[in-house]
Amino acid sequence: MAQAAASTCEICTGGPGEHYCQQCDQLFCGNCKLSHLRAKSCKNHTFVSGRDINQEEKLLCTDHMESFLFYCQDCDTPVCRICSVEKHSRHLMTDLTKSTKKIRSELAKDIELKETTSRQNVNTIEKYTKAYREEVKVVIKTITEEGNYWKKLIDKKVEGFVKLVQDEEQKALHNMSSVIKVHRKDFENCQQWQKNIKEMESIADVLLLKKLKKLKVDVDNIKLKQVSERSSVSYGNKTPLGTEIDSLFGELQFKEGKALLEKTENQQNTRPKESQKRYKYVCGVCGNEQVVTNEPIEYRYSNPVTNDTYFRASSD
């Protein structure tokens, strides 16, 4: 949907959005406007200057100057009473207010669930970190006491073991610190989204729907993972069998927590949306282009409810 502050073409996303199509509710550059008017289904579309669009006008249907009452699920757009009959008669329609309330409720539940999960992840990592550091202290104490028993003869070996444990500790703590930052960021994002949803209460449904759908994309992009096993360290004493230094000491064992360095899906989706692939589809009934970001589907798609057919026109 065209935005009042948009400055770029919504089709090629490169040229200036100087032309606004009243039927498609989209901004076009000069080249995309010419291509649009060449299509049979769009040859009678009317354009106005993109600079003249007022955000308040979007509260009414530009064709009939009526309030939006319904939400067309097939075309993903609000429609007025007349448009629901003339342009969307075979499409799946729902009440605009109910649709907005439904997506708002679903978003709130999704954010709340992810906030709870991310908070639990943070708490788990903090608990693991504390337990691991306690284990490190116990291991170092045990090694030091055993080394003191053998006095100067084994001081060098003791220092080697302690250094090894401390080096592994630093690696493990650095690892845990990196992971906890990711989960804490998820937690903070959820809190901010909850605040945003609360601030949207006074916005009109047609504008609120757009904002909620955009927020839903951001929420869906975060795929939370449960925290797996933590790193651990232990030291097993053994009875010396001879005078060799190596035989006087036990064996250090390090267990690294699984998947602590694994990339989470929300990290993989941090590319700017401008760099994500965009797919354009044409409705086989109304001829309107539908632009879908980063959602490739089959070349032909038929809606089993409305029997509408979509074809992929091109991909940017």
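Just so we're clear, the structure is a prediction, and the values are computed from it rather than from any experiment.

Chemist: Tell me about the confidence of the model for the protein, residues and numbers included.
Modeler: Averaged over all residues, the pLDDT of the protein equals 75, while 72% of them reach at least 70. With pLDDT under 50 throughout, residues 1-6 is counted as low confidence; its partners more than four residues away or in other chains account for 20 contacts. Between residues 263-280, whose pLDDT stays under 50, and residues either more than four places distant or in other chains, the model counts 50 contacts.

Chemist: Residue-level account of the sheet that holds strand β1 (residues 19-21), with values.
Modeler: The strands that make up a sheet are held in pairs by hydrogen bonds between backbone atoms, and each pair lies either parallel or antiparallel. Pairing is antiparallel across the open sheet formed by 3 strands, whose spatial order is β2-β1-β3. Two strands in the sheet have a free side with no partner beyond their single neighbour: β2 (26-28) and β3 (47-49). Strand after strand, the sheet turns through a mean of 35° between neighbouring axes, direction not considered. Examined bridge by bridge, β1 and β3 share 3 bridges and lie antiparallel to one another. Looking across to β3, one finds that His19 is bridged to Ser49.

Chemist: Give me the sheet that holds strand β6 (residues 93-95): which residues, what numbers.
Modeler: Across the sheet, which stays open at both edges, the 3 strands sit in the order β5-β4-β6 with antiparallel pairing between neighbours. At either end of the open sheet lies a strand with only one pairing partner, and these are β5 (77-80) and β6. Put simply, the sheet's adjacent strands are angled 45° from each other on average, direction ignored. Examined bridge by bridge, strand β4 (residues 68-72) and β6 share 3 bridges and lie antiparallel to one another. Bridge pairing in β6 links Tyr71 to Thr94. Packed on one face of the sheet, helix α3 (residues 96-149) meets β4, β5 and β6 and runs near 80° to β6.

Thresholds applied
- Residues numbered from 1 in each chain as written.
- Predicted model: local features only at pLDDT ≥ 70, side-chain atom pairs only at ≥ 80, totals over all residues.
- Heavy atoms only, no water.
- pLDDT = per-residue confidence, 0-100.
- Contact = heavy atoms within 4.5 Å.
- Pairing = 2+ DSSP bridges.
- Helix = DSSP H or I, 4+ residues; strand = E, 2+ residues; numbered from the N terminus.
- Axes fitted to C-alpha atoms, helices over the stretch in contact; angles between N-to-C directions.

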